[in-house]
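Summary of the model geometry
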Amino acid sequence: MQILLNWLDTLPGAVSQGLVWGIMAIGLYITYKVLDIADLTVDGSITTGAAVCTVMVTNGENIILAMLCAVIAGMLAGMLTGLLHTLLGIPAILAGILTQLMLWSVNLIVMDGRANIALSRLKYGDKVLISSGASDIYVTLGILAAIVIVIVLLLYWFFGTELGMSLRATGNNLDMSRAQGINTNFTKVFGLALSNGVVALAGSLLAQQQGSADINMGRGAIVIGLAAVIVGEALFQKKTTNFAIRLLFVVCGAIIYWLVFQTVIFLGLPSEYLKMLSASVVAIFLGLPYLKTRLGLKKKKTEGKTNA
Amino acid sequence: MLEIKNISKTFNSGTINEKKVLSNVSLTLEDGDFVTVIGGNGAGKSTILNLVAGVYPVDEGKIIIDGNDVTKLPEHKRAAFIGRVFQDPRMGTASDMWVEENMSIADSRGHRRGVRWAITSKDRERFREQLKLLDLGLENRLTTKMGLLSGGQRQAITLLMATLKRPKLLLLDEHTAALDPKTAAKVLEITDRLVKENSLTALMVTHNMKDAIAYGNRLIMMNAGKVILDVRGEEKKNLTIEALLEMFTKASGAEFASDRALLS
Ligand SMILES: Nc1ncnc2c1ncn2[C@@H]1O[C@H](COP(=O)(O)OP(=O)(O)O)[C@@H](O)[C@H]1O
Ligand SMILES: [Mg+2]
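Since the structure is predicted, the reported quantities are computational estimates derived from the model, not experimental observations.

Residue and element names in this part refer to chain A. Two numbers describe how helix α10 (residues 221-235) lies on helix α11 (residues 243-266): the axes approach to 7 Å, and their chain directions differ by 115 degrees. When the axes of α10 and α11 are compared, the crossing they make is right-handed. Across the interface between the two elements, Ile-224, Ala-227, Ala-228, Val-229, Val-231, Gly-232, Glu-233 and Leu-235 of α10 pack against Arg-246, Phe-249, Val-250, Gly-253, Ala-254, Ile-256, Tyr-257 and Trp-258 of α11. Here the residues of the contact of α10 with α11 sort into 12 nonpolar, 2 polar and 2 charged.

Here's what the structure looks like:
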């Protein structure tokens, strides 16, 4: 019984983490699902968001301004990846890796050479938006949920506009997009900037939630984000085509991911296995559609025979 | 309306795969010309259309649309003047987007796409009216994913999309080749109607000699990167497949090489 209660105690924290990573996953969704680009910039830009926000707040700046600057920094990072990809013709994956590496230096410079900068509510009073303390967990959950809803509504609106449509078309069919007069280089850069802006926002929240910015905090972020996107899509697949609801499913995916994660830790799995676990889960889910089409192809062939 | 002046194109130039596809091709289309284009496989028909559309740049020569020199313009900028339909029905539309979303994207062709809400109820009504004219029952499927429609339905919608914003030039590259004969006939009929109603200037590549004779006011035949025949008006109306084949042999000094063209 006590064990059950202890386990229940870990859940609000897991949901809170799920919400922050849900925002990150929404950012990833824009590149991975909408633009059809696997963007590795995010491992760097999430840290950039955390670093910019933390440094500004510890220097006494307003938290909202700090988060806004984090978003802008993330957008610049995404834009750089986009320009490397479209102007220099570097494959998107490689362009993302290059930016990510550059961001490592940038982040260290922003953090003044330190690998870790503390940012706790206790120390800075009301200077942060969400708290790392367990006592304020329900306030934190409320604020995070509100942020998620605002982001989802904003993106829902944006992808319903002419510009948003042109981004979706770019990810869907490049030939058609160009034939319809869409500057696909522009839409790709725009989408990458937008995506990394959202990811950096998640980074700024992550720093507040953890109570620190850490130079290594973005390592493997793309895998966690992908896991959220994949879990969200898999669990709620085909229920709706409404974009806003799909984004909410992605956030649910992130929450489920962290609930499972917390439970596995609670059950005593040593934490060094966790990244292995995440990557394996993502690998399996990414591989499933391929395996399905291979099996599906075989099915079709036999169908063809019976028809003939 | 369209002036193609001495264009040349060589693919993979300087490599072992070098392929000279067009050399010094010139062609002028008058306003309202509906030109059908025939020719053997690899004659360079698609290459000409792609060069006009800006899919890749010309090596030499000029392309002028309605007085605008577009030779240096990128593909997406030329799209302001050009409507296109491709051979592959999947190529002309976004499969994961709805019918009305695809049409809305076409509706914005030629103007800057801003943060205006893309589909108003007025737009939707207009799209519905247009779809109704196709007579394929698509007016009730505005929120169907494009990918769920048949090849013929997709080509018909792509045609609508290409002409929704009246283009100065309509480029059709074997746009019925992937369809079954009945659907192909229907899509051709829609093509003809749209071209006439909007008095469009059009270039239509086809592998079907009968269609090439039946549609349009002018016919050109290509072989090995050259225009070897250009007939219009009465002379075109009186063409027969036999006469075309004979002209091909005379002009090119070879038998018409495409089995597909003979069969249809
Ligand atoms: N992008 C390309 N790269 C290399 N060769 C090409 C390319 N596009 C077309 N070709 C070659 O140019 C020739 C003409 O092609 P195309 O214009 O498609 O002929 P068609 O008249 O059948 O439409 C063919 O030999 C083709 O292989
Ligand atoms: Mg061709």
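Turning next to the sheet that holds strand β7 (residues 169-173) of chain B. Either a parallel or an antiparallel arrangement is found when strands of a sheet pair, and the pairing is made through backbone hydrogen bonds. All names here are of chain B. Ordered by their spatial adjacency, 6 strands build an open sheet running β6-β7-β8-β3-β9-β10, and the pairing between neighbours is mixed. If you trace the sheet from one side to the other, it starts and ends with β6 (82-85) and β10 (226-232), each paired once. Direction aside, the axes of adjacent strands within the sheet are offset by 15 degrees on average. Relative to strand β9 (residues 218-223), strand β3 (residues 34-39) runs parallel, the two sharing 5 bridges. By the bridge assignment, Thr-36 is partnered in β9 with Leu-219. Sitting on the sheet, helix α1 (residues 45-53) touches β3, β6, β7, β8 (202-205) and β9, and the angle it makes with β7 is about 145 degrees.

Bringing the packing of aromatic side chains into the picture now. Residues and elements named next belong to chain A. Taken as a whole and assessed by the stated rule, the structure comprises 11 aromatic pairs over all chains. Between the aromatic rings of Phe-159 and Phe-243, the centroid separation amounts to 5.0 Å while the plane-to-plane angle is 55 degrees, which identifies the pairing as tilted. With Phe-159 in the loop between α6 (137-158) and α7 (162-172) and Phe-243 in helix α11, this residue pair connects regions lying 84 residues apart in the sequence. Each of the two residues, Phe-159 as well as Phe-243, counts as buried. What links up through ring pairs into an aromatic cluster is the set Tyr-29, Phe-158, Phe-159, Phe-186, Phe-190 and Phe-243.

A word on the site of ligand 1. All names here are of chain B. What surrounds ligand 1 is the set Phe-11, Asn-12, Lys-19, Val-21, Gly-40, Asn-41, Gly-42, Ala-43, Gly-44, Lys-45, Ser-46 and Thr-47. Take Ser-46: an N or O atom from its side chain is 2.7 Å from an oxygen atom of ligand 1. In the complex, the protein chains occlude 65% of the 560 Å² of accessible area that ligand 1 would expose alone. Secondary structure elements with two or more residues in the shell around ligand 1: β2 (19-29) and α1. Per-element accounting of the shell around ligand 1 gives the leading share, 3 residues, to α1. Classifying every residue of the shell around ligand 1 gives 3 nonpolar, 7 polar and 2 charged.

Here is what the cut-offs are and how they apply
- Residues numbered from 1 in each chain as written.
- Chains lettered and ligands numbered in written order.
- Predicted model: local features only at pLDDT ≥ 70, side-chain atom pairs only at ≥ 80, totals over all residues.
- Heavy atoms only, no water.
- Axes fitted to C-alpha atoms, helices over the stretch in contact; angles between N-to-C directions.
- Helix = DSSP H or I, 4+ residues; strand = E, 2+ residues; numbered from the N terminus.
- Left-handed = near helix turned anticlockwise from the far one by under 90°.
- Contact = heavy atoms within 4.5 Å.
- Nonpolar A, V, L, I, M, F, W, Y, C, P; charged D, E, K, R; others polar.
- Pairing = 2+ DSSP bridges.
- Phe/Tyr/Trp six-rings, centres within 6.5 Å; stacked < 30°, edge-to-face > 60°.
- Buried < 20%, exposed > 50% of the residue type's maximum accessible area, 1.4 Å probe, protein only.
- Near = heavy atom within 4 Å.
- Polar contact = N/O pair within 3.5 Å; in protein donor to acceptor, adjacent residues only side chain to side chain.
- Areas by Shrake-Rupley, 256 points an atom, 1.4 Å probe, with all protein chains shown as cover.

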